[in-house]
Amino acid sequence: MDDRFARREFIAASAAASLVGVTGCSSLTGGGTSNPAGSGGDGTGGRTAAPRTTVDQSELEPLDVRGAIYIPARAFNFYQQWAEYDREVIERDLGYASRVNINAIRTWASLEVWREEPEALRERIEHFLSTADDNGQQVLLGLFDFAGKEPTKERLHDTDPQTATGVREPSSKVMRNKRRWDEPREYVRWFMEHFKDDDRLLAIEVMNEPGWRSYVQEFAHGMYEIADERQGEVRLTVGSTSMANNADYLDWGVDALQFHYNFAESPEVYADMLRSNRDVAEDLDVPVWLSEWQRVRNSTGFATEPPDDQKYSNYSSLAPLIHEAGFGNFFWSLMVQPAFVPAQRRHGVLNGLFHEDGTVWSLDDARSIKAMSGDPSFDGEERQKWPEWAAEVKGGTER
């Protein structure tokens, strides 16, 4: 039995038997993500977690990967990030990230922008990577993303907080039809030609959350094969909703694994999931990153309305547990903004750490995130108020 097959069989068996939380963001239209564990998205699998004590982060070793997911505060999808690219905003925001010792940024490029102006996109990616490097950060950069609605022209350009949404790239019609894969294949070749050996990249994420849908997995695998044929020094990875999905991605030959778990009903539930996934990770020979997380809240799934006092960021509710588990990680999101997912925005959910003026939503959050570097000190101003430009959705949206 070769090593790759053995690893795949191991992770499949381990994930199926363990507490694997599935709380990704593939379903941005109101439903939750699929959950093979049958636990409703909370990762408990029906088990009762043991009580735990408070984690003292000062006693823990610094994490190698301390990351944030990034999209500019006023962008509602990644097409907007790159089509309306603002160098001053990027330099300002990644500078804020350095204040809490973030050393990694997770974001996505855009097939749609590449289609319109490939040379401009290359120059903007170059500037983004250089800015991150100047701030001591490597970038986990994605090429395709299934988390969003179909990329109509209206949705790509919509900046109304009441109606704007993330968009999947490419469209489902393209993913379902292999005869239409030539253009996305060329996009992958283009990216690899320019950036396959770029040490400012932590990894290249071929696609975010292909999940369990066979046509999406088939498309993602096809694009991965193109990237793999042209791979240079930079690792290849896939954004995974859960550890269980990684059984497939290991079979493809990925160089790093991811899993997502945004919400949990209690710290105990989250700690139990982390322990289970740590048990799996320790028997693998590739890095494993928790590449989406947010907070503890008393509701599961993306579409469920949380209690009023849990509609805002609370990274300090999970950061110590993640630090203790030793996972490199990326929280959602660096900038304070209405929820990326329309189903959450409908309920008036807001997330993020930094306001555009450099104040933070929560000093506790800033200090807990910075503590992952070994330094919990943070001097700044806290402002727990909605940005004026987004105040119209503070009470939720009608749609």
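Residues numbered from 1 in each chain as written. Predicted model: local features only at pLDDT ≥ 70, side-chain atom pairs only at ≥ 80, totals over all residues. Heavy atoms only, no water.

**Topic: the sheet that holds strand E2 (residues 104-108)**
Read across the open sheet, the 8 strands follow the order E5-E4-E3-E2-E1-E10-E8-E6; overall the sheet is parallel. The open sheet has two free edges, formed respectively by strand E5 (236-239) and strand E6 (257-260), since each of these has just one partner strand. Averaged over all adjacent pairs, the angle separating strand axes in this sheet is 25 degrees, with direction ignored. Pairing analysis gives 3 bridges linking strand E8 (residues 288-293) to strand E10 (residues 328-331), with the strands arranged parallel. In the sheet register, Leu-290 faces E10, and the bridge partner there is Asn-329. This element, helix H11 (residues 267-281), spans E6 and E8 of the sheet and lies at about 155 degrees to E8. (Pairing = 2+ DSSP bridges. Helix = DSSP H or I, 4+ residues; strand = E, 2+ residues; numbered from the N terminus. Axes fitted to C-alpha atoms, helices over the stretch in contact; angles between N-to-C directions. Contact = heavy atoms within 4.5 Å.)

**Thoughts on the pairing of E8**
Across the 6 residues that make up E8, a large majority, 6, are buried. In this sheet, E8 lies alongside E6 in parallel orientation, the contact comprising 4 bridges. From the neighbouring strand, Phe-259 faces E8, where its bridge partner is Leu-290. (Buried < 20%, exposed > 50% of the residue type's maximum accessible area, 1.4 Å probe, protein only.)

**A word on the packing of aromatic side chains**
By the definition in use, this model includes 25 aromatic pairs. An angle of 80 degrees between the planes, with centres 5.3 Å apart, marks the rings of Phe-144 and Phe-219 as edge-to-face. Of this pair, Phe-144 sits in strand E3 (residues 138-145) while Phe-219 sits in helix H9 (residues 214-229), placing them 75 residues apart in sequence. Arranged with centres 5.0 Å apart and planes meeting at 75 degrees, the rings of Tyr-261 and Tyr-270 form a pair that is edge-to-face. Here the aromatic residues Trp-114, Phe-144, Trp-181, Tyr-187, Trp-190, Phe-191, Phe-195 and Phe-219 are joined through ring pairs into a cluster of three or more. When the ring centre of Tyr-215 is taken as origin, the NZ or CZ atom of Arg-176, which lies over that ring, is 3.8 Å away. The ring of Phe-327 is capped by Arg-278, whose NZ or CZ atom sits 4.0 Å from the centre of that ring. (Phe/Tyr/Trp six-rings, centres within 6.5 Å; stacked < 30°, edge-to-face > 60°. Lys NZ or Arg CZ within 6 Å of the ring centre and 35° of its normal.)

**Focus: the nonpolar core**
Within the largest apolar cluster, 97 residues are counted, with the highest numbers of intra-cluster contacts made by Ile-125, Phe-191, Tyr-270, Leu-274 and Trp-293. The leading source of residues in this core is H9, at 8 residues. Contacts of Leu-274, omitting those with residues within four sequence positions, involve Phe-259, Leu-290, Leu-321, Ile-322, Ala-325 and Phe-327. If you look at the next biggest cluster of nonpolar residues, it comprises 15 residues, including Val-65, Ile-69, Phe-330 and Trp-332. (Core = buried A, V, L, I, M, F, W, Y, C linked by side-chain atoms within 4.5 Å.)

Bear in mind that shape data such as this cannot, by itself, settle questions of function.
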